[in-house]
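Below, each chain spelled out in residue letters.
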Amino acid sequence: MSRIGRLPITIPAGVKIDVTEDNVITVKGAKETLTRALHPDMKIVIEGETLTVVRPSDDKLHRSLHGLTRTLINNMVIGVTTGFTKALEINGVGYRCQMKGKTLNLTLGYSHPVEYTPEEGITIEAPAPNQILVKGANKERVGAVAAKIRSFRAPEPYKGKGIKYADEHIRRKEGKAGGKKK
């Protein structure tokens with residue numbers, strides 16, 4: 001039995017979960033409404049304030065989908081109640097960010113500023129010139145937007161300049177050894 005798949009999900013107050021016959025789940029909360037189509041073989045059982053995911057057999061496919069389905073539903077419940085945040089840091093002389101309305105304006109050492117407008121359901125904040133916060137209810141989309149912003153100037157290993165996740169550690173490399181040849 002899957003250790004993650006068999007764990008029940010407690011449904012907090014104010015969250016409503018609807019499951020259709022073809023396993024399309026809709027989670028409604030105070031912040032947002034999330035919808036996702038899940039694999040039709042997985043059985044989702046709602047009993048009172050708990051939700052459990054049951055797999056029909058011990059096939060390899062069903063075993064692999066068991067924990068995945070439970071985690072996807074749990075992330076939806078967390079997303080509509082508290083939401084997800086991904087923090088990014090900008091390192092480098094002259095590298096900075098600022099918000100212009102809903103558009104993130106980045107100065108990253110290019111000859112032009114990089115502008116990024118987030119998709120619907122994602123909010124971006126710049127509390128400091130070298131910090132970016134990506135917030136939203138859908139964990140997958142928050143991570144994708146953070147990765148897109150990071151890709152504008154990924155951190156390089158020699159000087160550590162670029163955009164990195166706040167909890168990311170950049171392995172530094174030593175530069176070219178300078179010395180005279182004889």
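Okay, so let's go over this structure. Within any chain, residue numbers begin from 1 and follow the written order of that chain's sequence. The model is predicted, so local features are restricted to residues of pLDDT at least 70 and side-chain atom pairs to those at 80 or more, both for listing and for counting; the totals for chains, interfaces and linings are taken over all residues. Think of the side-chain values as coming from all heavy atoms in the structure, minus any hydrogens and water.

## Remarks on the packing of aromatic side chains
- Side-chain rings of Phe, Tyr and Trp, where Trp is taken by its six-membered ring, are said to pair if the distance between their centres is within 6.5 Å; with planes under 30 degrees apart they count as stacked, over 60 as edge-to-face, and otherwise as tilted. On inspection of all chains with the given rule, the structure shows one aromatic pair.
- The ring of Tyr 165 has Lys 86 sitting right over it, with the charged end atom 5.0 Å from the ring centre.
- For a Lys NZ or an Arg CZ to count as sitting over a ring, it must be within 6 Å of the ring centre and within 35 degrees of the ring normal. Taking NZ or CZ as reference, Arg 153 lies 4.3 Å from the ring centre of Tyr 110, over its face.

## So, the pairing of strand β3 (residues 24–28)
- Of the strand pairs in this sheet, strand β2 (residues 16–19) and β3 are connected by four bridges, and their pairing is antiparallel. Paired with Ile 17 across the two strands is Val 27, which belongs to β3.
- At least two DSSP bridges between two strands are required for those strands to pair. Numbered from the N terminus, helices here are DSSP runs of H or I no shorter than four residues, and strands are runs of E no shorter than two. The antiparallel pairing of β2 with β3 creates a hairpin that spans four residues between the two strands, and Asn 23 there sits at a positive phi of about 60°.
- Where β3 hands over to strand β4 (residues 33–37), the hairpin turn is made up of four residues, counted between the paired strands.

## What to know about helix α2 (residues 139–151)
- If you check α2, its first and last C-alpha atoms are 18 Å apart, about what 13 residues at 1.5 Å a residue would give, namely 18 Å.
- Every buried residue belonging to α2 is among Val 142, Val 145, Ala 146 and Ile 149, and all of these are buried. The buried residues of α2 occupy an angular sector of 100° when projected down its axis, which confines them to one face.
- Here a polar contact is recorded for every N or O atom pair within 3.5 Å, except that within protein the pair must consist of a potential hydrogen donor and a potential acceptor, and residues adjacent in sequence are included only if both atoms are side-chain atoms. The N-capping residue of α2, defined by a side-chain oxygen 3.1 Å from the backbone nitrogen of Glu 140, is Asn 138. Here the expected span of a helix is defined as 1.5 Å times the quantity of residues minus one. Think of it in three bands: residues with accessible area under 20% of the maximum for their type are buried, residues over 50% are exposed, and the middle band is partly exposed, with areas taken using a 1.4 Å probe on protein chains only. Here, the arc refers to the directions that run from the helix axis to the C-beta atoms.

## So, the sheet that holds strand β12 (residues 131–136)
- The strand order across the open sheet built from four strands is β11-β12-β7-β13, with neighbouring strands paired in antiparallel fashion. Unpaired on one side and paired on the other, β11 (122–128) and β13 (162–165) mark the two borders of the sheet. For this sheet, the mean inter-axis angle between neighbouring strands, taken without regard to orientation, is 25°.
- Bridge count for strand β7 (residues 84–91) against β13 is four bridges, and the pairing is antiparallel. Bridging across to β13, Leu 88 finds its partner in Tyr 165. To define axes, lines are fitted to C-alpha atoms, for helices over the stretch in contact only, and angles between the resulting N-to-C directions are given on a 0 to 180 degree scale.

## Some points on the nonpolar core
- Ranked by size, the top nonpolar core spans 21 residues in total, and within it Leu 88, Ile 90, Leu 106, Leu 108, Ile 132, Val 134 and Ile 149 carry the most contacts.
- Every element with two or more residues in this core is listed here: β7, β9 (103–107), β10 (114–116), β11, β12, α2 and β13.
- Per-element accounting of this core gives the leading share, four residues, to α2.
- When neighbours within four sequence positions are excluded, Leu 88 is seen to be in contact with Asn 130, Gln 131, Ile 132, Val 134, Ala 146, Ile 149, Arg 150, Ile 163, Lys 164, Tyr 165 and Ala 166.
- Remark: nonpolar core denotes a set of buried residues (Ala, Val, Leu, Ile, Met, Phe, Trp, Tyr, Cys) joined through side-chain atoms within 4.5 Å. In terms of nonpolar packing, the next biggest core, distinct from the first, is built from 19 residues, Ile 9, Ile 44, Val 53 and Val 80 among them. The contact criterion used is simple: two residues touch if any of their non-hydrogen atoms lie within 4.5 Å.

## Considering the sheet that holds β3
- The antiparallel open sheet is built from three strands, whose spatial order is β2-β3-β4. Each edge of the open sheet carries a strand with a single partner, namely β2 and β4. Across the sheet, the mean angle from the axis of one strand to that of its neighbour is 15°, orientation sign disregarded.

## Quick notes on the environment of Arg 150
- Looking at the element boundaries, Arg 150 is found in helix α2.
- Through-space distance from the C-alpha of Arg 150 to that of Ile 90 is 9.1 Å; in sequence the pair is 60 residues apart.
- Beyond its immediate stretch of four places on either side in the chain, Arg 150 contacts Leu 88, Pro 155, Ile 163, Lys 164, Tyr 165 and Glu 168.

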